[in-house]
Amino acid sequence: MTDHSPGPRRAPGELLRRLRLRHPTDPVTHVERVPARAGEPVGWPGWAPEELRAAFARRGVTAPWRHQAEAAELAYAGRHVVVATGTASGKSLAYQLPALSTLLADPRATVLYLAPTKALAADQLRAVAGLELDGVRPATYDGDTPRAEREWIRRHSRFVLTNPDMLHHGILPGHAHWSGFLRRLAYVVVDECHTYRGVFGSHVAHVLRRVRRQCARFGRTPGQALAGSRGTPTFLLASATSGDPAAAAGRLTGLPVTAVTEDTSPRGGVTFALWEPPLLPPTDSSVDADLVQVRRSALRETADLLADSVVEGVRTLAFVRSRRGAEVVAANARRSLDEAVPGLGDRVAAYRAGYLREERRELERALLHGDLLGLASTNALELGVDLVGLDAVLICGWPGTRASLWQQAGRAGRSGDEALAVLVARDDPLDTYLVHHPEALFGRPVEATVLDPANPYVLAPQLACAAHESPLTPADLDLFGEGAKEAVDSLVEAGALRQRPTGWYWRHRERPEVDLRGEGGAPVCVVEVSTGRLLGTVDGGSAHFLLHTGAVYLHQGVSYVVDSLDLADGCALVHAEEPDWSTHARDVTSLSVVSVRSYVDAGPVGLFLGEVDVTSQVVSYQRRRIATGEVIDTRPLDLPARELRTVAVWFTLSPESLTAAGVEAADVPGALHAAEHAAIGLLPLMATCDRWDIGGLSTALHPDTEAPTVFVYDGHPGGAGFAERAYGTAAAWLRATRDAIAECGCETGCPSCVQSPKCGNGNNPLAKAEAVQVLDVVLTNLATVTGPEAGVDPEAGVDPGRGEVLPRQGDRVARPAQPAGGPPA
Ligand SMILES: [Zn+2]
Ligand SMILES: [Zn+2]
């Protein structure tokens, strides 16, 4: 650093130029100028009452943006609609306008609003209550609502804000108390609907069908204001931008949904830089004899960028994934600033979860006034602190979804001013791919929100809940969709339902116990040992990975260490502690094919979608230093094996095709293993999932396929839609996988391409160059069937009625039963 005090504030382009100059090789792989956009205001719809227009005007809204008005018009006409536009584009107004207009026009109508979190519901309550509309009486109804107030809310509130869990556990089972409300229900608002994905999303899809069912049962009688609506309330959904939001919303609600995706709200200009930390010179690893090559850690790189920005007088917010990571970034930035100018480090802070509201406001004030110039924070900021109008935002590692990326980047930029956003890539195949493929970030979204309501592990328990609420009729089978008849039959067979001429009846006195987030096994409670406080629950399958003895467990950004895991009691005892290491569970896995649902025959290459049985056992865990990633040690664990029946996508190649491509038999296991790792790392590009939700297995000879095979499977019983999405987009997915490996600058494979942080085999063997050859063979042969970049032809494979699926598993290379190059496929 050459400056000795914060200089004058720099323009973003100038700041970026200076940041780049400090590096011997340019770490910036791409600069995207996102231009400022003027908003497109339109007039209020004719049906919007004067009272409501005046209320919005008091809030500073004098006219809706065009996309808000379009969505509102559709909804008011009784069309189900999803608004899928960017952060801060005013999605709330798009649903408030038709919903509140209807409540004002029809004094009997009601609205049900669903949010994924209580905090968001509280926020929306403030917004609606702040409009001070007569007779609407908005109220939240969730687990915190005092008993004494509940009856009043059921009788008098016409705008009830709740969450899917409360709907499932409280409102639907107690539907008799809600008959008046449901009979008059005009709209169901589903906010942040992209959060309903995977198994949880599949459950929520059926909770919504149960709402529709009870509305119909109570003889819903829409008032005159509800011109277009018939037997079902109108669904109004809000989503982050994603691939095909109409299809995702349609799967969630079971109804045809129209999407409004063009954002016409104004925004400031942003200069967005993609930043790849440099590769460090190879060093001898203490663990094995190979040369290990890694990139400079994203945490260190972000700390340097934060310090450099502060020196330039730029108010900068750094987003880091863990609280511990945020503290490392802040501490490193402070240290280098103090070395440059004693005292300058005081202008940087770490944001901690658990701040009181007043403390948060003070922090906001200090940052906006420039007393504080740099702040490192976890993503917890997304839901809490109101920090906007910063000069620069640093994003340490791909935050998982495009929605989160833009939410974080959106913190930068004051009205009319340019801002700078920098995405710093971590050592991870997806991060690597994204910084080299800006079109995947700035072009049309491809990641889709996937869920699979037909999953029998979700459908059967949901039908049991529905039957408990009121007997199932044949018409209900249509409502619950594909697989419902089979699920009902299985419930009859299991003795849970009794079939009578009038329908299927729940046979037990007590309610079925169904956890919307549960997936395989009862959830495990996380209890703080000193206070007995219940911190939260983790599903049974993940508990082995996340809550084993000695695991470092993060809860809302706070770090705990697990003292013991008692699987019989379903309880993990933890204490608060922030060690400077993280823990990584490792497992061993075997897999057998149960059935093939669909396949593509591409000569020497086969692509399959089907059911598999996976047996896995968490056998040990590694402790690694947070700052450097260095492995401290590996400790054994004594946990039982778990069985999982789920959905997988897999490809096979003939040994001859591999030989012809120049892959030597000895390199086949490493090539397949490397391709598997990268393929898992890249799947979140196609579907909003976490690579930790997916498992994989590769082998030079699998007994069921009798060929070299790579499996990628869903970590949830019955699947959650991810493997199916992978199958449906196989060509694009594997193309991205191939490019991510080929374009990585390392010699023999690194965490940015083919190494996996959760490998059950210690990342051995891996053959990077041969992995590219394997994928080339797959892509070339698939292209002869499906075309060069297309997904799999739906005719050839995916049943379009079903959603897409992923698992929570480690990955593992199965040892070949005999040397590679065995029998032909
Ligand atoms: Zn690499
Ligand atoms: Zn592996």
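Everything in this summary refers to the structure shown in the same document. Sequence order as written defines the numbering, with residues in each chain counted from 1. Here chains are named by letter from A upward and ligands by number from 1 upward, in the order in which they appear as written. With the structure being a predicted model, the display of local features is reserved for residues of pLDDT at least 70 and the display and counting of side-chain atom pairs for 80 or more, all residues being used for whole-chain, interface and lining totals. Only hydrogens and water are set aside when side-chain values are computed; all heavy atoms of the structure are taken into account.

**Thoughts on the packing of aromatic side chains**
Piece 1. Side-chain rings of Phe, Tyr and Trp, where Trp is taken by its six-membered ring, are said to pair if the distance between their centres is within 6.5 Å; with planes under 30 degrees apart they count as stacked, over 60 as edge-to-face, and otherwise as tilted. Taken as a whole, this structure holds 12 aromatic pairs when the rule is applied.
Piece 2. With a centroid separation of 5.6 Å and an interplanar angle of 10°, the aromatic rings of Trp44 and Phe56 are classed as stacked. Placement of the pair is Trp44 in the loop between β1 (28-34) and α2 (50-58) and Phe56 in helix α2, with a sequence separation of 12 residues. Of the two residues, Trp44 and Phe56, both sit in the buried class.
Piece 3. Pairwise contacts between aromatic rings join Tyr599, Phe608, Trp650 and Phe711 into one cluster.
Piece 4. Counting as a charge over the ring demands two things of the Lys NZ or Arg CZ atom: a distance within 6 Å of the ring centre and an angle within 35 degrees of the ring normal. Positioned above the aromatic ring of Phe218, the side-chain terminus of Arg217 is 5.2 Å from the ring centre.
Piece 5. For Arg500, the ring lying beneath its charged end belongs to Tyr505, and the centroid distance is 4.7 Å. Secondary structure elements follow DSSP: runs of H or I of four or more residues count as helices, runs of E of two or more count as strands, with numbering from the N terminus. Working definition: with a 1.4 Å probe on protein chains only, accessible area under 20% of the residue-type maximum means buried, over 50% means exposed, and in between means partly exposed.

**Structural notes on the coordination of the zinc ion (ligand 1)**
Piece 1. Sites may look incomplete because water is not among the atoms; the donors themselves are N, O and S atoms within 2.8 Å of the metal, or within 3.2 Å for Na, K and Ca. Note on the zinc ion (ligand 1): its protein donors are Cys744 (SG), Cys746 (SG), Cys750 (SG) and Cys753 (SG). The metal-donor distances range over 2.2 to 2.4 Å.
Piece 2. In this structure, the zinc ion (ligand 1) is coordinated by 4 donor atoms arranged in tetrahedral fashion, with angles at the metal of 99 to 117°. Donor angles set the geometry label: tetrahedral for four donors if every angle is between 85 and 135 degrees, square planar for four and octahedral for six if opposite donors exceed 155 degrees and the others are between 65 and 115, irregular for anything else.

**Observations regarding the sheet that holds strand β14 (residues 374-377)**
Piece 1. A pair of strands counts as paired when DSSP detects no fewer than two bridges linking them. Judged by pairing direction, the sheet is mixed, and its 7 strands sit side by side in the order β1-β9-β16-β15-β12-β14-β13 without closing on themselves. Edge positions in the open sheet fall to β1 and β13 (348-350), since each of these has one partner strand only. Taking the axes of each pair of neighbouring strands and ignoring which way they run, one obtains an average angle of 15° across the sheet.
Piece 2. The pairing of β13 with β14 spans 3 bridges and is parallel. Its bridge partner being in β14, Ala350 is matched across the sheet by Ala376.
Piece 3. Only heavy atoms matter for contacts: two residues are in contact if any of them lie within 4.5 Å across the pair. A fitted line through C-alpha atoms serves as each axis, taken over the contacting stretch for helices, and the angle formed by two N-to-C directions is quoted from 0 to 180°. Packed onto the sheet, helix α11 (residues 298-311) meets β9 (270-275), β12 (316-319), β13, β14, β15 (392-396) and β16 (419-424) and runs at close to 170° relative to β15.

**Describing the nonpolar core**
Piece 1. If you look at the biggest cluster of nonpolar residues, it comprises 88 residues, and the most contacted ones within it are Phe651, Leu653, Leu685 and Trp733.
Piece 2. When residues of this core are assigned to their parent elements, the largest contribution, 9 residues, is made by helix α22 (residues 668-682).
Piece 3. Beyond its immediate stretch of four places on either side in the chain, Trp733 contacts Val649, Ala679, Leu682, Leu683, Met686, Val712 and Ala726.
Piece 4. Nonpolar cores were defined as sets of buried Ala, Val, Leu, Ile, Met, Phe, Trp, Tyr and Cys residues, with membership established by side-chain atoms within 4.5 Å. Counting 36 residues, the second-largest nonpolar core is a separate cluster that includes Ala75, Val83, Leu103 and Leu120.

**A word on the packing of helix α15 (residues 429-436) against helix α24 (residues 730-743)**
Piece 1. Here α15 crosses α24 at 85°, and the two axes come no closer than 9 Å. Judged by the angle between their axes, α15 and α24 are roughly perpendicular. Listed contacts from α24 to Pro429, Tyr433 and His436 of α15 are Ala736, Asp739, Ala740 and Glu743.
Piece 2. As a working rule, the residues Ala, Val, Leu, Ile, Met, Phe, Trp, Tyr, Cys and Pro are called nonpolar, Asp, Glu, Lys and Arg charged, and the rest polar, with Gly in that last group. Classifying every residue of the contact of α15 with α24 by side-chain character gives 4 nonpolar, 1 polar and 2 charged. Just so you know how the angles are binned, under 35 degrees is roughly parallel, over 145 roughly antiparallel, 65 to 115 roughly perpendicular, and the rest oblique.

**A closer look at helix α19 (residues 484-493)**
Piece 1. Those residues of α19 that sit buried are Ala484, Ala487, Val488 and Leu491. Buried residues along α19 cover an arc of 100° about the axis, so they all sit on one side. In α19, the exposed positions that point more than 90 degrees away from the buried face belong to Glu486 and Glu493.
Piece 2. Here the buried face of α19 lies against α17 (456-469), α18 (474-480), β17 (497-500) and β18 (503-506). Regarding the arc, it is the one traced by the directions from the helix axis to the C-beta atoms.

**Structural notes on the sheet that holds strand β5 (residues 159-162)**
Piece 1. Spatially, β4-β5-β3-β6-β7-β2-β8 is the arrangement adopted by the 7 strands of the open sheet, whose pairing is parallel. If you trace the sheet from one side to the other, it starts and ends with β4 (138-140) and β8 (258-260), each paired once. Neighbour-to-neighbour, the strand axes of the sheet open up by a mean angle of 20°, direction not taken into account.

**Remarks on unusual backbone geometry**
Peptide bonds are trans in most cases, and residues, glycine excluded, mostly fall at negative phi.
Piece 1. Note the cis peptide between Asn764 and Pro765, where omega equals -5°.
Piece 2. One can find Pro765 in the loop between α24 and α25 (768-786).
Piece 3. In this structure, Glu132 takes a positive phi of about 50° despite not being glycine.
Piece 4. Position of Glu132 relative to the elements: it lies in the loop between α5 (118-129) and β4.
Piece 5. Judged by relative accessible area, Glu132 falls into the exposed class, the value being 62%.
Piece 6. The residue Arg137 is not glycine, and still its phi comes out positive at about 50°.
Piece 7. On the secondary structure map, Arg137 appears in the loop between α5 and β4.
Piece 8. A relative accessible area of 36% places Arg137 in the partly exposed class.

**Some remarks on the pairing of β17**
Piece 1. Where β17 meets β18, 4 bridges bridge the pair, whose relative direction is antiparallel. Bridge pairing links Arg498 to Tyr505 in β18.

**Some details on the environment of Pro640**
Piece 1. Take Pro640: it is sitting in the loop between β26 (631-636) and β27 (642-653).
Piece 2. The exposure class assigned to Pro640 is partly exposed, which follows from its relative accessible area of 42%.
Piece 3. Taking the C-alpha atoms as reference, Pro640 lies 8.9 Å from Val619; in sequence the two are 21 residues apart.

**Re the pattern of salt bridges**
Piece 1. Salt bridges, as used here, are contacts in which a Lys or Arg side-chain nitrogen is within 4 Å of a carboxyl oxygen on Asp or Glu. For the coordinates displayed, the defined rule picks out 34 salt bridges.
Piece 2. With its nearest N and O atoms 3.2 Å apart, the salt bridge here joins Glu362 to Arg365. Residue Glu362 and its partner Arg365 are located together in helix α13 (residues 357-369), separated by 3 residues, close to a single helical turn.
Piece 3. Since its relative accessible area comes to 35%, Arg365 is described here as partly exposed.
Piece 4. Each of Glu14, Arg17, Arg18, Arg22, Asp308 and Glu312 takes part in salt bridges that share partners, so that together they form one network.

**What to know about the side chain of Asp739**
Piece 1. Structurally, Asp739 is set in helix α24.
Piece 2. Take Asp739: its relative accessible area is 14%, and that puts it in the buried class.
Piece 3. Apart from residues lying up to four places away in sequence, Asp739 is in contact with Tyr433 and His437.

**Details of the packing of α22 against α25**
Piece 1. Here α22 crosses α25 at 75°, and the two axes come no closer than 8 Å. As far as their axial angle goes, α25 and α22 are roughly perpendicular. Side by side, α22 and α25 meet where Ala671, Leu672, Ala674 and Ala675 of the first sit next to Glu770, Ala771, Val774 and Leu775 of the second.
Piece 2. Of the residues contributing to the contact of α22 with α25, the split by class is 7 nonpolar, no polar and 1 charged.

**Here we look at the environment of Ser377**
Piece 1. Turning to its location among the elements, Ser377 is positioned in strand β14.
Piece 2. Dropping the residues within four chain positions of it, Ser377 is found in contact with Leu317, Ala318, Phe319, Val320, Ala326 and Tyr351.

**Points about helix α10 (residues 245-253)**
Piece 1. Among the 9 residues of α10, 7 are classified as buried, and the element is accordingly described as predominantly covered.
Piece 2. Buried within α10 we find Pro245, Ala248, Ala249, Gly250, Arg251, Leu252 and Thr253.
Piece 3. Looking at the buried side of α10, the elements it contacts are β2 (81-84), β6 (185-190), α9 (198-217), β7 (234-239) and β8.
Piece 4. Trailing α10 by a residue or two, Gly254 shows a phi angle of about 75°, which is positive.

**A closer look at the environment of Ser309**
Piece 1. Relative to the elements of secondary structure, Ser309 occurs in helix α11.
Piece 2. Along the sequence, Ser309 and Ala392 sit 83 residues apart, while their C-alpha atoms lie 8.2 Å from each other.
Piece 3. When residues no more than four places from it in sequence are discounted, the contact partners of Ser309 are Leu15, Leu19, Val314 and Thr316.
Piece 4. Whenever two N or O atoms come within 3.5 Å, that pair is a polar contact, provided that in protein one can donate a hydrogen and the other can accept it, and provided that, for residues adjacent in sequence, both atoms are side-chain atoms. One polar contact links the side chain of Ser309 to the main-chain carbonyl oxygen of Leu305, over a distance of 2.7 Å.

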